[in-house]
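# Examination of the molecular architecture
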Amino acid sequence: MSSVLYDVPGPRAIVRNRILGVVTVVVVAAILGFFLWRLYDTGQFTAEKWQAFTYTNVWVQIGLATLRTLAAFAVAAVGALILGFTLAIGRMSDHAWIRVPVGAIVEFLRAVPVLVFMFLLYYGLPVIGVRMAPYWAVVIALIAYNGSVLAEVIRAGVQSLPRGQQEAGYAIGLRKSGVMQLVLLPQAIRAMMPVIIAQLVVTLKDTALGFIITYPELLFYARFIGSQSSLDSPIIPATIIVGAIYIGLCLILSFVANTVEKRLRRSSAGVRIAQAEQPTQEITDTELIVTQRGGRGAGI
């Protein structure tokens, strides 16, 4: 017996897979236990290391750093979505003078790392007399990179749709802009929503690179607290707290995006059901002839 993608494992394969699963869990648990033991052995869980986080001002600064992280992410996410849609539509253009340059721009933006973008904007532009604040260097770099990635995601989603969808749009008299806006893009967005969510999570995490160009976000403040010798240099506790905040933010973002995705699917399914349940009035040839004769008789 076999499935579409793989052969159903037999008794020996099932036992082997279970043994491999148990061994993997044991190895991961051992590595995690060793890591926690080393933290405990080096005194990272002592009260002195965590004393800095008993001060109200420290948490106020962590909150402000979190707001700066969210401020950079919010603008970068919106800008990346706008740039992604623009580049995707340009790359799918029928005109070569639009499609080829846009394709080159997308490939260039995807190839350059985000950190290199930030360095060029923050340290490179002053060489030619242009100075940029760390916030805008972070935001523009995130928009450029993630927008190019989202452009490829959206293009792949549109091109994965059956060709009949596009041909049906043209058949009812829509132009390419109408086909793209009303037929292709809504379906592609729903299909590629998990990938778009994943890329937005990457955008949120990449804001941490801003600490290298002195943008005072979460990681920057964690490094600042961890370097304070008067507080016993709590670099590990600060990293743990900041990491937990990043995990919480990513989980919240994923939850919100998944909720939106479910509502979009539910609304589209409701529209299809409503259209399917609309009664259709069928008139047979006999009824049509009777109606026409009755009309003539009434006229006479």
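Small disclaimer: the values here were computed from a predicted structure and weren't measured.

### With respect to the nonpolar core
Membership of the largest hydrophobic core comes to 32 residues, with the highest contact counts inside it found for Met118, Val138, Val158 and Leu184. Those elements giving two or more residues to this core turn out to be helix 3 (56-91), helix 4 (96-111), helix 5 (114-124), helix 6 (134-159) and helix 8 (176-206). Top contributing element to this core by residue count: helix 6, with 10 residues. Filtering out sequence-adjacent residues up to four positions away, Val138 remains in contact with Ala72, Met118, Gly210, Ile213 and Tyr215. By size, the runner-up hydrophobic cluster in this structure holds 14 residues, among which are Ile62, Ala238, Val242 and Tyr246.

### A short note on the packing of helix 3 against helix 6
Their axes nearest at 6 Å, the elements helix 3 and helix 6 cross at an angle of 40 degrees. By the angle class used here, helix 3 and helix 6 are oblique. As helix 3 packs across helix 6, the resulting crossing turns out to be right-handed. Of the residues contributing to the contact of helix 3 with helix 6, the split by class is 19 nonpolar, 5 polar and 3 charged.

### Looking at the packing of helix 5 against helix 6
Across the interface, helix 5 lies against helix 6 with an axial gap of 9 Å and an inter-helix angle of 140 degrees. Accordingly, the angle class assigned to the pair helix 5 and helix 6 is oblique. In the crossing of helix 5 with helix 6, the sense of the turn from one axis to the other is right-handed. On helix 6, the residues touching Val114, Phe117, Met118, Leu121 and Tyr122 of helix 5 are Pro134, Ala137, Val138, Ile140, Ala141, Leu142, Ala144 and Tyr145. Class assignment for the residues of the contact of helix 5 with helix 6 results in 13 nonpolar, no polar and no charged.

### Some words on the side chain of Asp206
Mapped onto the fold, Asp206 is located in helix 8. Of the side chains with opposite charge, Lys205 comes closest to the buried, unpaired Asp206, at an N-O distance of 7.1 Å. Contact partners of Asp206, with chain neighbours within four places excluded, come to Val114, Met118 and Leu142.

Reading the values: rules and limits
Residues numbered from 1 in each chain as written. Predicted model: local features only at pLDDT ≥ 70, side-chain atom pairs only at ≥ 80, totals over all residues. Heavy atoms only, no water. Core = buried A, V, L, I, M, F, W, Y, C linked by side-chain atoms within 4.5 Å. Buried < 20%, exposed > 50% of the residue type's maximum accessible area, 1.4 Å probe, protein only. Helix = DSSP H or I, 4+ residues; strand = E, 2+ residues; numbered from the N terminus. Contact = heavy atoms within 4.5 Å. Axes fitted to C-alpha atoms, helices over the stretch in contact; angles between N-to-C directions. Parallel < 35°, antiparallel > 145°, perpendicular 65-115°, else oblique. Left-handed = near helix turned anticlockwise from the far one by under 90°. Nonpolar A, V, L, I, M, F, W, Y, C, P; charged D, E, K, R; others polar. Lys, Arg positive; Asp, Glu negative; His and termini not counted. Salt bridge = Lys/Arg side-chain N within 4 Å of Asp/Glu carboxyl O.

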